Amino acid sequence: MLNINVMLMSAWGSALIGVLIGAVVAGVGTYFVVQFLQKQKLGKDNAKAKSLLEEAKLEAKNLKKEAVLEAKEEAFRLTSECDQELKSRRAEMQRAENRISQREEFLDKKEETIEKKNEAIEKTKQELAEKEQKVQKKIDEQNQVLEKMNLELERIAKLSREEAKKELISKYEEEAKKDAAIIVRNIEAQAKEEASKKAKEIVTLAIQKTAVDHTSEITVSTVPLPNDEVKGRIIGREGRNIRALESATGVDLIIDDTPEAVVLSSFDPVRREIARISLEKLILDGRIHPARIEEMVEKVTKDIENTIKEEGEAAVFDAGVHGMHPELIKVLGRLKYRTSYGQNVLKHSLEVGYIAGLLAAEVGANVQIAKRGGLLHDIGKAIDHETEGTHVTIGVELATKYKESKEVIHCIAAHHGGVEYESLEAILVQTADAISSSRPGARRESIEAYIKRLTQLEEIANGFKGVETSFAIQAGREIRIIVKPEEVSDEQALFMAKDIARKVEKEMEYPGQIKVNVIRETRNVDYAK
């Protein structure tokens, strides 16, 4: 029994040992299988990681290329802007140097002119002194003759010695004053003749001085910008937008250092207006590229053409003129965008037509011809930038082309005195043109400044002794002064006119010249009782 138990225990232990050995072998096999699987998975992960790393390197390389390209484009843009700014500054410096050079030349000429004037004045003073000596010598000679004639005069005229002496002295004093006045007039004539030569030089310099303002007025428009960043969008990449706008409108765009503004330059006011409106609409729209620019310019051009036609028809209707050729009406409408010395030419033409018609009605002339001639007198200014010749010549050609009457054509030709007047209507149109141009406030002069100038002119004249009253007329271009005849003689009136003119020159600023007209008249009054 015991042996059986021992054998059973031995068999059980052997079985247990076998089980344990099998478990150990299975565990070791499982371990190696797991290690093998982990190595395979690790190899796959490494391969995937290498693939991801290669992709990351490729993407980084592409991003680097894009960043380099963007940096190059930005550097090119900044270089272009710097070059453009440098060119603009160089041009501005050149213009400043030219202005300084012209100013120095003008000052040199002015100094030379002043020196010559001073020499002429000194020469005139010497001549006057010599004339005065001659006059005094003549008076002395006459006094000697007077002494000899005293006795004969007393005998013939039955005058006392003192009475005869006083009469002769008074006579010779009057003759001496007349001689002095004649000498002064001769000196004035000589001075005017010499001054005419200098006047040509002065006028030339004045034209040169005012040419810039006048050119700016008739050729330049300014478009305000919301900010300076818009300038870059207007220029576009490599300047394609600005080139497209200039090509579509025929207008030069000047983008300089002026903050928040772009300057449009063109002699054609209609093109300049098209460019101005197109640019303003493009800025508001925000889409600025060549295709949009061409589309916008085409649309604005059609709108402007319609506006020109409507403005011409409205002007003809307002003026009461009928039967005008449609093409001439369109040309008339273009004057809406033309200015002269700050005065709108279309409004000026309408005003001249009204005034000429009123004057014609007053004097019994042909009202329709006067109105028509006044409305069309400046028609040549609508296309004077496209055709050679003065606006008068161009206006005559237009009126002839569109079958206007000879009377109207003559009004256009004669409104600046270029030809002799052949009709009353032509004179009225010229007069109406002068009235419209010279009235207060018509051409860049405020009514306050105008009234102040007239008041100052009359105050200067009234400040002289012997002046009874004075009137500033012809829009301040003439001052008429009435003097008291018992206090001011004819000779004194001559010198008074000169003194007033000198004081006006010294104390006032005014355009052109002012005529000083001193009037002396004698009135004899009596009463029948």
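Residues numbered from 1 in each chain as written. Predicted model: local features only at pLDDT ≥ 70, side-chain atom pairs only at ≥ 80, totals over all residues. Heavy atoms only, no water.

**Some words on the nonpolar core**
Stage number 1. M324, L332, L375, L376, I379 and L398 are the most contacted members of the largest nonpolar core, which totals 38 residues.
Stage number 2. Elements with a contribution of two residues or more to this core: α6 (290-319), α7 (326-333), α8 (345-363), α9 (367-376), α10 (391-401), α11 (406-414) and α12 (424-438).
Stage number 3. Here the element with the most residues in this core is α8; it accounts for seven residues.
Stage number 4. Non-local contacts of L332, meaning those with residues more than four positions away in its chain, are made with G312, A315, V316, L346, L375, L376 and I379.
Stage number 5. A244, V270, I277 and M296 belong to the second-largest nonpolar core, a separate cluster that totals 28 residues. (Core = buried A, V, L, I, M, F, W, Y, C linked by side-chain atoms within 4.5 Å. Buried < 20%, exposed > 50% of the residue type's maximum accessible area, 1.4 Å probe, protein only. Helix = DSSP H or I, 4+ residues; strand = E, 2+ residues; numbered from the N terminus. Contact = heavy atoms within 4.5 Å.)

**With respect to the sheet that holds strand β8 (residues 515-519)**
Stage number 1. Taken together, the three strands give an open sheet; going across it, the order is β6-β7-β8, and neighbouring strands pair in mixed fashion. Lying at the two open borders of the sheet, with one neighbouring strand each, are β6 (467-473) and β8. Taking each pair of neighbouring strands and ignoring which way they run, the sheet shows an average axis angle of 15°.
Stage number 2. Where strand β7 (residues 478-483) lies against β8, five bridges are found, and the strand directions are parallel. Paired with I479 across the bridge in β8 is V516.
Stage number 3. Strands in contact with helix α14 (residues 490-507) are β6, β7 and β8; relative to β8, the strand with the most contacts, it is inclined by about 150°. (Pairing = 2+ DSSP bridges. Axes fitted to C-alpha atoms, helices over the stretch in contact; angles between N-to-C directions.)

**Digging into unusual backbone geometry**
Working note: non-glycine residues mostly have negative phi, and peptide bonds are mostly trans.
Stage number 1. If you check the backbone angles, E238 has positive phi at about 55° while not being a glycine.
Stage number 2. Positionally, E238 belongs in the loop between α3 (229-235) and α4 (240-249).
Stage number 3. The backbone phi angle of K403 is positive, close to 65°, even though this residue is not glycine.
Stage number 4. Structurally, the position occupied by K403 is in the loop between α10 and α11.

**A look at α7**
Stage number 1. Within α7, the full set of buried residues consists of L328, I329, V331, L332 and G333.
Stage number 2. Close packing links the buried residues of α7 with α6, α8, α9 and α10.

**Overview of the side chain of T249**
Stage number 1. For T249, the position within the fold is in helix α4.
Stage number 2. Among the polar contacts made by the side chain of T249, one reaches the main-chain carbonyl oxygen of L245 at a distance of 2.7 Å.
Stage number 3. Polar contacts involving the side chain of T249 include one to the main-chain amide nitrogen of V251, which spans 3.4 Å.
Stage number 4. Residues in contact with T249, not counting those within four places in the same chain, are R271, A275 and V297. (Polar contact = N/O pair within 3.5 Å; in protein donor to acceptor, adjacent residues only side chain to side chain.)

**As for α9**
Stage number 1. Burial analysis of α9 places seven of its 10 residues in the buried class, the great majority of the element.
Stage number 2. All of the buried residues in α9 are I369, A370, R372, G373, G374, L375 and L376.
Stage number 3. Among the residues of α9, the N-terminal cap falls to N366, whose side-chain oxygen and the backbone nitrogen of Q368 are separated by 3.1 Å.

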